[in-house]
Amino acid sequence: MPTTAVDTYALTPEQVDLRDTIRQIVRERVAPRAAEIDAKAEYPWDIRKLFAEQDLLGLPFGEEHGGTGTGTLMLNVAVEEIARACASSALILMLQELGTLPIKLFGSEELKQRFLPRCASGEWSPAFALSEPEAGSDPGGMITSAVRDGDEWIVNGTKNWISNLGIADFYIVFAKTDRSAGRSRGISAFVVEADRPGFSVGKLEHKLGIKGSPTGQPIFEDVRIPAANLIGEEGKGMNVALGTLDHSRLGVAAQAVGIAQGAIDHAVAYANERKQFGQAISEFQGIQFKLADMETRTAAARELLYRACAKIDRHEPDRGKYSAMAKLFASDTAMAVTVDAVQVLGGYGYVSEYPVERYMRDAKITQIYEGTNEIQRLVIARALR
Ligand SMILES: Cc1cc2nc3c(=O)[nH]c(=O)nc-3n(C[C@H](O)[C@H](O)[C@H](O)COP(=O)(O)OP(=O)(O)OC[C@H]3O[C@@H](n4cnc5c(N)ncnc54)[C@H](O)[C@@H]3O)c2cc1C
C-alpha cells in the first residue's frame, strides 16, 4: 500500500541540510570538549553560547516567539546529533524545551511574551521543578506548597534532582495549592524567577554521568510571586506536568539514540583498527554480530522516535503512548548498546582514555529521568486498556 501523507515522518531536504550543519558544528566544536566537560563536571557555558549563536536554542520555539518554528522532529534530530558527541551538552537544548513547554502549552499570552523569546534567543535558561525528596515517580506526594495572599502567591518547599540548578533564570515549580483535594489534584504550576528573595540553591549532586549538567535542590522559603505567574488554571498543575512530559520525554529518547550512535561510531572505528591474532577484531564474527545488533537496535529506536515526534507535531491521540514507547525503547537500547561498546573495546573500553565508558555512564540516566522506564511501561499499559 502506498504511504499516505499522514503516515510519513521522513526528514525533508531542508531538515537534512539543517541536521548536517548541526552535525558539523558538533563534530568541530562540541566533540573536542566532551571529555573535559565530563572530567571537570562543569556546566559548559561556552557550548551554551555556541548553541545560542547558531540559533539552536530557538529550535523548541515557534516563530511567533523568536524561535525557528521547525517542530518537534527537527528539535530532537538536533538533540540526537549533540548527544552523539556529548550527552551533557544535549541537555542544554533538552532543558530549554522541558522548562518552557509548560508556558508554551498552558501559559497565558503574557507569560509567553515575557519568557519564551528570551529563552529562544538563549539569553535565559529554565528549569523544571517537579520532583521532591519524597515524591519522584509519585509527584502527588509533593510537600511544596503555594498559598494565595492578595495578588501574590507565597511558595515554600524544597525540590530534588532539578537539572539546571543554579544555572536557570527561572524555575517551573509545581506546588500544592489545595491540601483538601486528592493527592494528584490541588497541584498548581508557577513560574518562579531565580532572583526572587527567598530562593536559594541547595545541595548539588555528584553523579555517575551527565556531569556537565548541574542537578540538585532548589529551595523556596516564603518566595512571593505575582498571581500572573500561575501557569494555566489553579489546581490543574498535574495536567501541566503530564502534558509537558508527553512531549519532552522525546528529548530523552533522542538523547538516548544519540548516545547509542556515538558509542557505535567509536566501537566500529576501534574494531577496524585493533588487531589480535594477526587480524582486525572486526574480522571476528563474534564482534561483527555484536556491532550488527547494536546498529539494528539503534536504527529501530530512531524510527520509533521519529514517528513519535511526528505524532506530537500532528497532535495525534496516541502521541502520549508513542512518546513513552520511544523513551522506553531508546533508553534501554542506549544502555545495552553502550555496554556492548565497552565490551568491543575490551580493557580500553573501561578506561577514560577512550570515550565509550563515558557513553555507558551517560546512558543510564535516560532510563531514569522524566519518568523511569517502569513508569513508561505503566503509561503504555494504561493506553492499552
Ligand atoms: C540526573 C537527574 C536529573 C533529573 N532532573 C530532573 C528535573 O530537571 N526535574 C525534575 O522534576 N526531576 C528531575 N529528576 C528526577 C527524576 O525524574 C526522578 O528521579 C524519577 O522520576 C524517579 O523518581 P525517584 O528518583 O524518586 O525514584 P522512585 O520514584 O523512588 O522510584 C524508585 C524505583 O521504584 C520504581 N517504581 C516507582 N513507582 C513504581 C510503580 N508504580 N511501578 C513500578 N515501579 C515503580 C521506579 O521505577 C524506580 O525503579 C532528575 C533525576 C536525576 C537523577
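Predicted model only: the values in this text are computed from it and were never measured.

Undergrad: Which residues make up the packing of helix α1 (residues 13–40) against helix α2 (residues 45–53), and what values do they have?
TA: To characterise two packed helices, one gives the angle between the axes of the helices and the distance between these axes. Where α1 meets α2, the closest approach of the two axes is 10 Å, and the angle between their N-to-C directions is 160 degrees. By the criterion of interaxial angle, the relationship of α1 to α2 is roughly antiparallel. For the element pair α1 and α2, the recorded crossing hand is left-handed. Listed contacts from α2 to Ile25, Arg29, Val30, Arg33 and Ile37 of α1 are Asp46, Ile47, Leu50 and Phe51. Its residues assigned to classes, the contact of α1 with α2 comprises six nonpolar, no polar and three charged.

Undergrad: Could you give an account of helix α6 (residues 109–120), naming the residues involved and the relevant values?
TA: For α6, which comprises 12 residues, the first-to-last C-alpha distance of 16 Å matches the rise-based estimate of 16 Å (1.5 Å per residue) to within 8%. Within α6, burial applies to Leu111, Lys112, Phe115, Leu116, Cys119 and Ala120. The buried side chains of α6 occupy one side of the element, clustering within an arc of 125 degrees when seen end-on. The elements touched by buried residues of α6 are α4 (87–98), α5 (101–106), β5 (170–176), β6 (187–193) and β9 (230–231). Backbone geometry just downstream of α6 places Gly122 in the positive-phi region, at approximately 90 degrees.

Undergrad: Give a detailed account of the side chain of Ser188, specifying residues and quantitative values.
TA: With respect to the element layout, Ser188 can be found in strand β6. In this structure Ser188 comes out as buried when scored by relative accessible area, which is 0%. Within the structure, the side chain of Ser188 is placed 2.7 Å from the side chain of Thr177, a separation counted as a polar contact. Discounting chain neighbours no more than four positions away, the residues touching Ser188 are Val173, Phe174, Ala175, Thr177, Leu230, Glu234, Gly235 and Gly237.

Undergrad: A description of helix α8 (residues 285–313) should follow, citing residues and the corresponding values.
TA: Its 29 residues place the ends of α8 42 Å apart at the C-alpha level, agreeing with the 42 Å of an ideal helix rising 1.5 Å per residue. Of the residues trailing α8, His315 is marked for its positive phi of about 55 degrees.

Undergrad: Can you lay out the site of the ligand for me, pointing to particular residues and giving the numbers?
TA: As a structural note, the neighbourhood of the ligand is formed by 19 residues, with Phe128, Ser131, Ser137, Thr372 and Glu374 the closest of them. Between the ligand and Leu130 there is a distance of 2.9 Å, counted from an oxygen atom to a backbone nitrogen or oxygen. Glu374 is positioned with one of its side-chain polar atoms (N or O) 2.6 Å from an oxygen atom of the ligand. Only β4 (162–163) and α11 (373–384) provide two or more residues apiece to the shell around the ligand. Among the elements that take part in the shell around the ligand, α11 stands out by supplying three residues, more than any other. Its residues placed into classes, the shell around the ligand shows 10 nonpolar, six polar and three charged. Shared between two domains, the shell around the ligand holds at least three residues of each, these being domain 2 (126–235) and domain 3 (239–383).

Undergrad: An account of the side chain of Thr215 is requested, with residue identities and associated values reported.
TA: Structurally, Thr215 is set in strand β8 (residues 215–226). Of note is the side chain of Thr215, whose polar atom sits 3.0 Å from the side chain of Lys207. Setting aside residues up to four positions removed in sequence, Thr215 forms contacts with Trp161, Ile162, Ser163, Leu165, Lys203, Leu204, Glu205 and Lys207.

Undergrad: Before we move on, could you go through the nonpolar core and cite the residues and values that matter?
TA: Among the nonpolar cores identified, the biggest contains 97 residues, and Phe51, Ile103 and Phe174 are the most heavily contacted of them. When residues in this core are grouped by element, the largest group, 17 residues, is from helix α7 (residues 237–273). When neighbours within four sequence positions are excluded, Phe174 is seen to be in contact with Phe128, Ala129, Leu130, Met142, Thr144, Lys159, Ile187, Ser188, Ala189, Gly237, Val240 and Ala241. Judged by nonpolar contacts, the second largest core, of 18 residues, contains Ala127, Ala129, Ala168 and Ile225.

Undergrad: Let's hear about the pairing of strand β2 (residues 145–149): which residues, and what values?
TA: The pairing of β2 with strand β3 (residues 152–158) spans five bridges and is classified as antiparallel. Looking at β3, one finds that Ala146 is bridged to Val155. Between β2 and the antiparallel strand that follows it, β3, lie two residues; Gly150 among them carries a positive phi value of about 65 degrees.

Undergrad: Tell me about the pattern of salt bridges, and name the residues and values.
TA: Tallied over the entire structure, the rule returns 25 salt bridges. The salt bridge involving Arg33 is made with Glu36; its shortest N-O contact spans 2.9 Å. Of the two residues, Arg33 and Glu36 are both situated in helix α1; the distance of three residues between them amounts to about one turn of the helix. A salt bridge links Asp318 to Lys311, with the shortest nitrogen-to-oxygen separation between them at 3.2 Å. What makes Asp318 partly exposed here is its relative accessible area of 27%. Assessed through its relative accessible area of 8%, Lys311 is described here as buried. It is possible to trace a salt-bridge network through shared partners that takes in Arg33, Glu36, Lys40 and Asp46.

Undergrad: Mind laying out the domain arrangement of the protein chain, listing which residues take part and the relevant values?
TA: It is common to report an interface's size as the accessible area lost on association of the parts. Segmentation of the protein chain into domains returns domain 1 (6–120), domain 2 (126–235) and domain 3 (239–383). The C-alpha-based centres of domain 2 and domain 3 are spaced at 30 Å. Contacts between the two partners involve 10 residues from domain 2, matched on the other side by 12 residues from domain 3. Where domain 2 abuts domain 3, roughly 850 Å² becomes buried across the two surfaces, and 78% of that area is made up of carbon and sulfur atoms. Run the count over domain 2 and domain 3 and you get two residue pairs in polar contact (both at pLDDT 80 or more). Of the residues contributing to the side of domain 2 that touches domain 3, the split by class is seven nonpolar, two polar and one charged.

What counts and how
- Residues numbered from 1 in each chain as written.
- Predicted model: local features only at pLDDT ≥ 70, side-chain atom pairs only at ≥ 80, totals over all residues.
- Heavy atoms only, no water.
- Axes fitted to C-alpha atoms, helices over the stretch in contact; angles between N-to-C directions.
- Helix = DSSP H or I, 4+ residues; strand = E, 2+ residues; numbered from the N terminus.
- Parallel < 35°, antiparallel > 145°, perpendicular 65-115°, else oblique.
- Left-handed = near helix turned anticlockwise from the far one by under 90°.
- Contact = heavy atoms within 4.5 Å.
- Nonpolar A, V, L, I, M, F, W, Y, C, P; charged D, E, K, R; others polar.
- Expected span 1.5 Å × (residues − 1).
- Buried < 20%, exposed > 50% of the residue type's maximum accessible area, 1.4 Å probe, protein only.
- Arc of directions from axis to C-beta.
- Polar contact = N/O pair within 3.5 Å; in protein donor to acceptor, adjacent residues only side chain to side chain.
- Near = heavy atom within 4 Å.
- Domains from an automatic or database assignment.
- Core = buried A, V, L, I, M, F, W, Y, C linked by side-chain atoms within 4.5 Å.
- Pairing = 2+ DSSP bridges.
- Salt bridge = Lys/Arg side-chain N within 4 Å of Asp/Glu carboxyl O.
- Buried area = accessible area lost by both parts, 1.4 Å probe.

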